[in-house]
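Observations on the model geometry
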Amino acid sequence: MPRLFRSAADRLADAAPGWLVETVRPAPAKPAWWPMIRMALAVTAPLLVGAAAGNVTLGLLPSMGAMGPGLADRGGPYREKVARIGLVGLGGAAGYAIGATVRGHGWWTVPVIMVVSVASALISTVGAKGSLAGLQLLVMAVIGSGIPLPGGPLSGAALFLLGTAWVIVLGVADRPLRSRNPEETATVQVYRALGRLIDDRDADALAAFDAALESGYDAVFGARSASAGQDPAQTRLIALLNQASLIRNALISLGQEGLDPPGETAAAVEEIVAALDEGRPPHRPPRPGGDSPALRALNSAVDGAVELASGGDVEAEQLPYRPVGHGERFRKAWAKMWYGHFTRLYAVRLALCMGVAAAVSGFGLFERSYWMVLTVALVLKPDFGSVFARALQRALGTFAGTLVAVVVLLVIPYGPLILVPIAVFAALIPYGLQRNWGLMSTFQAPLVLFLVDLLTRGGPRLAEIRLVDTLAGCLIVLLLGYLPWPGSWHAPVRGAFADAVSATARYLRDAFDPGSPDRPVRRRRAYEAMADLRAVFQRAVTEPPAVSRRITTWMPAMTALEKVADTTAATVARAEYGAPPPPPEAVRTMADSLEEIAESIRRRRVPAEPGPAAEGAPERLADAIRALRDTVSGHHPC
């Protein structure tokens with residue numbers, strides 16, 4: 001029977017357009033059992049307490065205060081996790097207090113929701129935590145204005161925060177059971193990915209390593225920024241991540257010399273993984289012979305990693321990290337909030353769509369119109385991915401989820417037994433979020449219906465109401481927040497691509513100067529810009545063909561830019577271990593060429609013809625920059 005279902009699904013996938021298949025295809029993922037159990041406990045426990053007190057509805061707000069912030073628990077260092085959950089909870093509590101205050105005040109609700117929408121859009125630009133907090137602010141303002149929950153605005157906000165506190169308790173409950181903290185686990189994953197790169201040395205293995213390295217830096221830097229003062233353990237993890245990056249670059253350099261990494265290299269990396277896993281110093285494998293600059297760079301980088309894993313001293317150049325003060329962070333966040341073009345555009349779109357949805361709900365055309373307004377808030381989040389894909393996934397997920405909810409509500413009568421499916425679907429939400437936002441919506445739709453049924457006893461008819469309201473909200477987003485805006489129909493690659501080229505140029509200027517304090521930071525920022533660019537490409541695949549086809553035209557240029565970045569790193573690795581470094585004038589000329597390419601992309605013009613190559617310029621690097629220029633010169637997408 002499973003084989004029959006798979007073959008039917010394969011036939012449907014073959015018949016559907018490719019872009020539609022990519023939009024709804026769930027990503028492969030194994031169930032993460034503890035987050036699933038944690039979410040079930042977070043949502044269900046407040047309801048059980050309310051039922052024990054004789055009124056299950058008293059647990060609704062704490063349950064909501066657990067569900068929204070609970071979805072913000074994406075792992076990572078515990079201090080970072082608590083800060084993220086707490087900030088999202090504060091946003092939700094503030095939103096509920098505002099919404100409950102204006103509930104029942106008629107048309108005054110519309111401008112209030114629009115103002116909250118603008119505030120939500122501004123807050124959402126301040127990093128990942130701000131995005132989640134801004135969304136929760138808006139979601140709970142809608143719920144507070146639309147659902148008559150027990151208690152006043154402030155008491156309701158307090159109950160919501162009580163649920164958030166419960167999530168924080170569950171979020172740190174597993175700490176005594178963990179043999180390693182999350183940042184150590186992320187570092188081990190980086191070295192595992194490095195071992196696969198040594199074995200395969202293909203584009204997929206390189207991309208997987210780069211993704212693991214970026215996640216590792218995020219985990220360790222997140223823990224470091226939350227800590228007071230210097231933490232020696234985290235400092236060592238940062239140095240280990242940097243050594244892994246040096247090994248990667250040396251492997252590329254070795255490939256350019258036409259050599260394979262010796263078996264001792266793979267054995268050394270495997271030993272580092274085992275040592276970090278088991279909390280012991282690594283055994284020192286024999287050092288391979290050879291006298292090429294790339295092999296010397298590889299041996300040195302591996303030796304450095306072994307030394308660090310053994311507890312050796314951390315040198316200053318092993319730390320690609322520059323502390324950023326709170327004042328500088330605040331200034332950057334403030335500038336991004338008030339002066340960014342994306343922020344203004346998003347705020348206008350969100351306020352318009354939320355205002356229209358709130359106005360439509362005021363006419364009483366929909367029985368529970370707050371679901372329509374909620375859908376607009378959840379779907380119109382460009383920083384969460386394609387708006388078009390989210391609208392489609394939300395509609396399909398809600399349709400599937402409401403069908404399941406109807407069956408459950410027909411089988412299980414109103415009463416305490418409904419807590420069983422509530423726990424089951426709450427547990428499934430984190431798994432759905434791992435795989436696909438639409439699948440998460442499939443599990444979330446029944447859960448929300450069951451919670452509303454506890455308050456209203458609406459029964460199976462709630463499913464029909466929910467489906468109609470969700471489809472109406474998706475339609476508002478597509479007609480007012482997506483289709484009319486020119487930015488929706490243009491590939492959002494140009495700016496990110498130009499920024500990545502500029503970041504590579506800045507790295508190149510300092511790459512051959514061992515004494516430059518900015519070199520490690522600029523190297524990491526160059527690869528961060530490349531990672532951001534890849535995310536734009538991946539997100540655009542789920543857009544309609546009119547947009548995704550424009551995106552694919554950038555792929556040759558993306559490949560050429562990756563070649564420039566990798567060749568730069570490989571050339572540096574050889575220069576540090578015996579190969580002659582390029583003269584400063586040649587480095588400046590190549591960096592200027594990259595800046596000219598970046599500026600031409602921003603101004604939508606052909607790059608100027610380069611001057612004669614500077615004497616001593618590395619041939620591979622000069623060829624890579626020339627190939628990038630030629631690719632961009634023949635490329636004029638919208």
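Each remark here, short or long, concerns the structure printed above.
Now for a look at the structure at hand. All of these numbers come straight from a predicted model, not from anything done at the bench. (Residues numbered from 1 in each chain as written. Predicted model: local features only at pLDDT ≥ 70, side-chain atom pairs only at ≥ 80, totals over all residues. Heavy atoms only, no water.)

1. Thoughts on a nonpolar patch on the surface
Taken together, the side chains of Trp33, Ile37 and Leu41 make up a nonpolar region of the molecular surface, amounting to roughly 330 Å² of accessible area. Topologically, isoleucine 37 is positioned in helix 3 (residues 33-52). (Patch = residues over 30% accessible without salt bridge, like charges linked within 9 Å, V, L, I, M, F, W, Y side chains within 5 Å. Areas by Shrake-Rupley, 256 points an atom, 1.4 Å probe, with all protein chains shown as cover. Salt bridge = Lys/Arg side-chain N within 4 Å of Asp/Glu carboxyl O. Helix = DSSP H or I, 4+ residues; strand = E, 2+ residues; numbered from the N terminus.)

2. With respect to helix 8 (residues 153-172)
Taking 1.5 Å per residue as the helical rise, helix 8 with its 20 residues ought to reach 28 Å, and the 29 Å between its terminal C-alpha atoms agrees with that figure. Listing the buried residues of helix 8 in full gives Gly156, Ala157, Phe160, Gly163, Thr164, Val167, Leu170 and Gly171. Buried residues along helix 8 cover an arc of 130° about the axis, so they all sit on one side. Away from its buried face, by an angle of more than 90 degrees, helix 8 presents the exposed residues Leu154 and Leu162. (Expected span 1.5 Å × (residues − 1). Buried < 20%, exposed > 50% of the residue type's maximum accessible area, 1.4 Å probe, protein only. Arc of directions from axis to C-beta.)

3. Topic: the pattern of salt bridges
In the structure shown here, the tally under the stated rule is 11 salt bridges. Where glutamate 585 meets arginine 588, a salt bridge forms, and the shortest distance between an N and an O atom there is 2.7 Å. With glutamate 585 and arginine 588 both in helix 25 (residues 584-602) and 3 residues apart, this pair spans about one turn of that helix. In this structure, the salt-bridge partner of glutamate 596 is arginine 605, at a minimum N-O distance of 2.8 Å. On the basis of relative accessibility, which here comes to 21%, the residue glutamate 596 falls in the partly exposed class.

4. Focus: the packing of helix 24 (residues 555-575) against helix 26 (residues 619-633)
It is at 9 Å that the axes of helix 24 and helix 26 come closest, and there the two elements cross at 165°. With respect to helix 26, the axis of helix 24 lies roughly antiparallel. In this structure, the crossing between helix 24 and helix 26 has a hand that is left-handed. Judged by residue contacts, Pro556, Ala557, Ala560, Leu561, Lys563, Val564, Thr567, Thr568, Thr571 and Arg574 of helix 24 engage Arg620, Leu621, Ala624, Ile625, Ala627, Leu628 and Thr631 from helix 26. Residue classes in the contact of helix 24 with helix 26 are distributed as 10 nonpolar, 4 polar and 3 charged. (Axes fitted to C-alpha atoms, helices over the stretch in contact; angles between N-to-C directions. Parallel < 35°, antiparallel > 145°, perpendicular 65-115°, else oblique. Left-handed = near helix turned anticlockwise from the far one by under 90°. Contact = heavy atoms within 4.5 Å. Nonpolar A, V, L, I, M, F, W, Y, C, P; charged D, E, K, R; others polar.)

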